[in-house]
Amino acid sequence: MEKLYPMHEAMRILGVSLKTLQRWDKAGKIKIVRTLGGRRRVPESEIKRLLGEKEPVSAGRVLAIYARVSSHEQKAKGDLDRQVESVRKKFDHRLFDDILVVTDVSSGLNDRRKGLLKLMQLAREGKITDLAVSYKDRLTRFGFNYLKTYFESCGVKIHVVNGEEDKKTVYEELVEDLLSIVTSFSGKLYGIRSKKKEEVTSKIREVIENAGHLPDENR
């Protein structure tokens, strides 16, 4: 049975907008079928035919792949490299003049990440046209829409690759983020080098570690 692509996937592969696909459909340039549930799908043969008729034109497009892990331990385990490759496989390289890879080993709460700041600079200077991440919280733990608005104002389209995030990784990163918040706030309340700050941070870490041994439904 032939593979059928959802409209958004066909748009990404062909490098066109939804309106363009709809226009092609009306003009008979592409055959779009409907599932039993009434959803529109593009047959793989149609996509291959179009790509074969006309080599995708990059039109000066440059894709930046951004990946992030919270710890050097995750990077050492290969999590960062796997994240990059999982995103890279989702794109037809012929659509772009160049593909850049930007990474960070830092908390998603850190808004001063070197990689993130580099992406913002590249966007501001018009050096990238597309930005791809595996899922939203790779770019930022909170405030994704603010960054999306910023990049779009620079003419950069953000692609969030669909996929289920590893639950263990999510839990580990949330723990790191929570500890970062506690450390920051207790440092401001009691002083960076104070004994009270260390006691608070240590107690919170202990509670979190104990919670980590509970069954999932009790967390």
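Overview of the structure.

Criteria and thresholds
Residues numbered from 1 in each chain as written. Predicted model: local features only at pLDDT ≥ 70, side-chain atom pairs only at ≥ 80, totals over all residues. Heavy atoms only, no water. Pairing = 2+ DSSP bridges. Helix = DSSP H or I, 4+ residues; strand = E, 2+ residues; numbered from the N terminus. Contact = heavy atoms within 4.5 Å. Axes fitted to C-alpha atoms, helices over the stretch in contact; angles between N-to-C directions. Parallel < 35°, antiparallel > 145°, perpendicular 65-115°, else oblique. Nonpolar A, V, L, I, M, F, W, Y, C, P; charged D, E, K, R; others polar. Core = buried A, V, L, I, M, F, W, Y, C linked by side-chain atoms within 4.5 Å. Buried < 20%, exposed > 50% of the residue type's maximum accessible area, 1.4 Å probe, protein only. Arc of directions from axis to C-beta. 1 Å grid on protein atoms, 1.4 Å probe; cavity = no way out; pocket = protein on both sides within 12 Å on 5 of 7 lines; lining within 4 Å. Points joined across faces, edges and corners; volume = space filled by probe spheres on them.

## A look at the sheet that holds strand β2 (residues 33-34)
And step 1. One open sheet accounts for three strands, arranged β1-β3-β2; its pairing is antiparallel. Looking at strand neighbours, the two that pair on one side only are β1 (4-6) and β2, the edges of this open sheet.
And step 2. Each of β1 and β3 (40-43) is contacted by helix α1 (residues 7-14), which is oriented at about 95° to β1, the strand it contacts most.

## Re the packing of α1 against helix α2 (residues 18-27)
And step 1. It is the contact of α1 with α2, at a shortest axis distance of 9 Å, that shows an interaxial angle of 95°. As the angle between them shows, α1 and α2 are arranged roughly perpendicular. On the side of α1, the interface is formed by Met-7, Ala-10, Met-11 and Leu-14, while α2 contributes Leu-18, Leu-21 and Trp-24.
And step 2. For the contact of α1 with α2, the class distribution of residues is seven nonpolar, no polar and no charged.

## Brief notes about the nonpolar core
And step 1. One finds Tyr-66, Leu-119, Ile-128, Leu-131, Leu-139 and Phe-151 to be the most contacted residues of the largest nonpolar core, which totals 17 residues.
And step 2. Looking at this core, the elements with two or more residues in it are β4 (62-69), α6 (114-124), β6 (130-133) and α8 (144-153).
And step 3. With four residues, the single largest contributor to this core is α6.
And step 4. Sequence-distant contacts of Leu-139, that is, excluding residues within four places in its chain, are made with Tyr-66, Arg-113, Leu-116, Leu-119, Leu-131, Val-133, Phe-144, Leu-147 and Ile-158.
And step 5. If you look at the next biggest cluster of nonpolar residues, it comprises 15 residues, including Met-11, Val-16, Ile-30 and Leu-50.

## Notes on α6
And step 1. Within α6 the residues assigned to the buried category are Gly-115, Leu-116, Leu-119, Leu-122 and Ala-123. Buried positions in α6, seen along its axis, are confined to an arc of 120° and lie on one side of it. With respect to the buried face of α6, the exposed residues turned more than 90 degrees away are Lys-114 and Arg-124.
And step 2. Buried residues in α6 make contact with β4, β5 (98-105), β6, α7 (136-139) and α8.
And step 3. Gly-126 sits one or two residues past α6 and shows a positive phi near 70°.

## Quick word on the layout of surface pockets
If you roll a probe as big as a water molecule over the atoms, it shows you where there is empty space left.
And step 1. When its volume is computed, the largest pocket comes out at roughly 520 Å³.
And step 2. Contributing to the lining of the largest pocket are 22 residues, with His-8, Glu-9, Arg-12, Phe-91 and His-159 lying nearest its centre.
And step 3. Mapped by element, the contributors of at least two residues to the lining of the largest pocket are α1 and β7 (157-160).
And step 4. Here the lining of the largest pocket gets five residues from one element, more than from any other, and that element is α1.
And step 5. Of the residues belonging to the lining of the largest pocket, the class tally is eight nonpolar, five polar and nine charged.

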